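Reading the structure
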Amino acid sequence: MAKFRVLLVDDEEELVTALVERLGYRGIDAEFALNGSEALQKMHNANFDIVVLDLKLPGMDGMRVLKNIKMDHPELPVLLITGHGSPGDGSTEIPEGAHDYLPKPIDIEVLIKKMQEAIAHSGS
Amino acid sequence: MHIVAPEDKSEQEKLLREKGLSFFGAIAASVSHELNNVNSIIEQTAGLLGDLLAGAELGRPIKEEQLQRVRDRIEKQTHRGTRIIKRMNTFAHSVDYPIAEIEMNALIENIISLCKRLANLKKVELEAEMQSDPLSINSSPFLIQQALFLVMRNYFISDLAGETISVVLEPDKEGIVIIIETAAAEEVEIEDLDYIKLVLNQIQGNISNQSNSEKTRIMLKFPDLSH
């Protein structure tokens, strides 16, 4: 699989910095944003192959960020991170615009596999 | 959602039980999310340590500062987790006695700490201004916390991003008052006012809205029920 660039969006700075470092050891170029506005700004300034987005964010919540991403980058795959089993309110449905979701705590190998699948799917 | 408090006593008790459980659930859900975040950070940090060790086996030496950073991060998160668990335990025990002697500084500081994550999700800062001396009254710790939470929740959902909500505890000749205030002039509509009054009625408390064009200010009064 070709190298890719990911934007991780989560307000837990120590979580995303650890993930950025671990993904870096695996040859994946990762950046992070701590809220939705910062994420949209970073996406305006740089190109990413995928976004990994926590649903619980301060200010603009994850669903609103997802809608904004999809307005400007309809083809960009987005993986959601959820605090618990499902994307929200007990529903197991993947929200429109998202490729898939991952519950926390995140298994890094599962994350990489899902990112690869999402990128491959978006390019097919 | 606006709830009209029923006039029938048994219906009131049923509503109090249901809404009390709902309040307890809201706090427990928020705490479980926060603990999950703590756990996630520790797990990724342990994973990072594993990556460093794997790198060392391949001849990439581990620097002392890398190990120090991992150690500091784990220590910080375990302390954070311990604080959250302690607060939740204190909150959970607040239902033990319907009426008890309560040290109000500790009670209010605890519920404010538990609500900070909910406030931060709305980009609102929550700060507590307590008394330097102990301030005790006899009342229901659970109902006081529920009334305060219900009022604060209205501030959280009122588009006050960037604002600070101050929760001030003061002595009063009959007991204590809690003032929930923000410098934002935006009108904070108190949903469930009927229900909040029902909660307050159980412990002879009352609510007054002292907002004006410059600030939003809601006052809750709780008498000492031992008088």
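Residues numbered from 1 in each chain as written. Chains lettered and ligands numbered in written order. Predicted model: local features only at pLDDT ≥ 70, side-chain atom pairs only at ≥ 80, totals over all residues. Heavy atoms only, no water.

What about the overall build of chain B?
Looking only at helices and strands, chain B has 5 helices and 7 strands in total. Beginning at the N terminus, the succession of helices and strands in chain B can be written as α-α-β-α-β-β-α-β-β-α-β-β. Across the 227 residues that make up chain B, the buried fraction comes to 45%. Of all intrachain contacts in chain B linking residues separated by at least 6 positions in sequence, the fraction that spans at least 24 positions is 76%. For chain B, the exposed area adds up to about 11700 Å²; of that, 50% sits on carbon and sulfur atoms. Each charge sign in chain B was given a centre, from 24 positive and 35 negative side chains, and these centres are 6 Å apart. (Helix = DSSP H or I, 4+ residues; strand = E, 2+ residues; numbered from the N terminus. Buried < 20%, exposed > 50% of the residue type's maximum accessible area, 1.4 Å probe, protein only. Contact = heavy atoms within 4.5 Å. Areas by Shrake-Rupley, 256 points an atom, 1.4 Å probe, with all protein chains shown as cover. Lys, Arg positive; Asp, Glu negative; His and termini not counted. Charge placed at Lys NZ, Arg CZ, Asp CG, Glu CD.)

Brief notes about the pairing of strand S3 (residues 136–139) of chain B
All names here are of chain B. On S3, burial follows the alternation: Ile-137 and Ser-139 on one face are buried, whereas Ser-136 and Asn-138 on the facing-out side are not. Alignment of strand S1 (residues 100–103) against S3, held across 4 bridges, turns out to be antiparallel. When the sheet's bridge partners are listed, Glu-103 is paired in S3 with Ser-136. (Pairing = 2+ DSSP bridges.)

Describing the confidence of the model for chain B
Should pLDDT be low for a region, the predicted coordinates there are not to be read in detail. Across chain B, pLDDT averages 94, with 98% of residues at or above 70. The spread of mean pLDDT over the elements of chain B runs between strand S2 (residues 125–129) of chain B, the lowest at 94, and S3(B), the highest at 98. (pLDDT = per-residue confidence, 0-100.)

Concerning the nonpolar core
Residues and elements named next belong to chain B. Ile-27, Met-104, Ile-108, Ile-144, Leu-148, Ile-178 and Phe-222 are the most contacted members of the largest nonpolar core, which totals 54 residues. For this core, the secondary structure elements donating two or more residues are helix H1 (9–57), helix H2 (64–92), helix H3 (104–121), helix H4 (141–156), strand S4 (164–172), strand S5 (175–182), helix H5 (193–202) and strand S7 (216–223). Per element, the largest residue contribution to this core is 11 residues, and it comes from H4. The contact partners of Met-104, leaving out residues within four places of it in the chain, are Leu-135, Ile-137, Ile-144, Leu-169, Ile-176 and Ile-178. (Core = buried A, V, L, I, M, F, W, Y, C linked by side-chain atoms within 4.5 Å.)

Let's talk about the pairing of S5(B)
Every other side chain in a regular strand lies on the same face of the sheet, so the side chains alternate between the two faces. Residues and elements named next belong to chain B. Burial within S5 is extensive, with 7 of its 8 residues counted as buried. Here 7 bridges tie S4 to S5, and the two strands are oriented antiparallel to one another. Bridge pairing in S5 links Val-168 to Ile-179. Linkage of S4 to S5, two consecutive antiparallel strands, is achieved through a turn of 2 residues. Alignment of S5 against S7, held across 8 bridges, turns out to be antiparallel.

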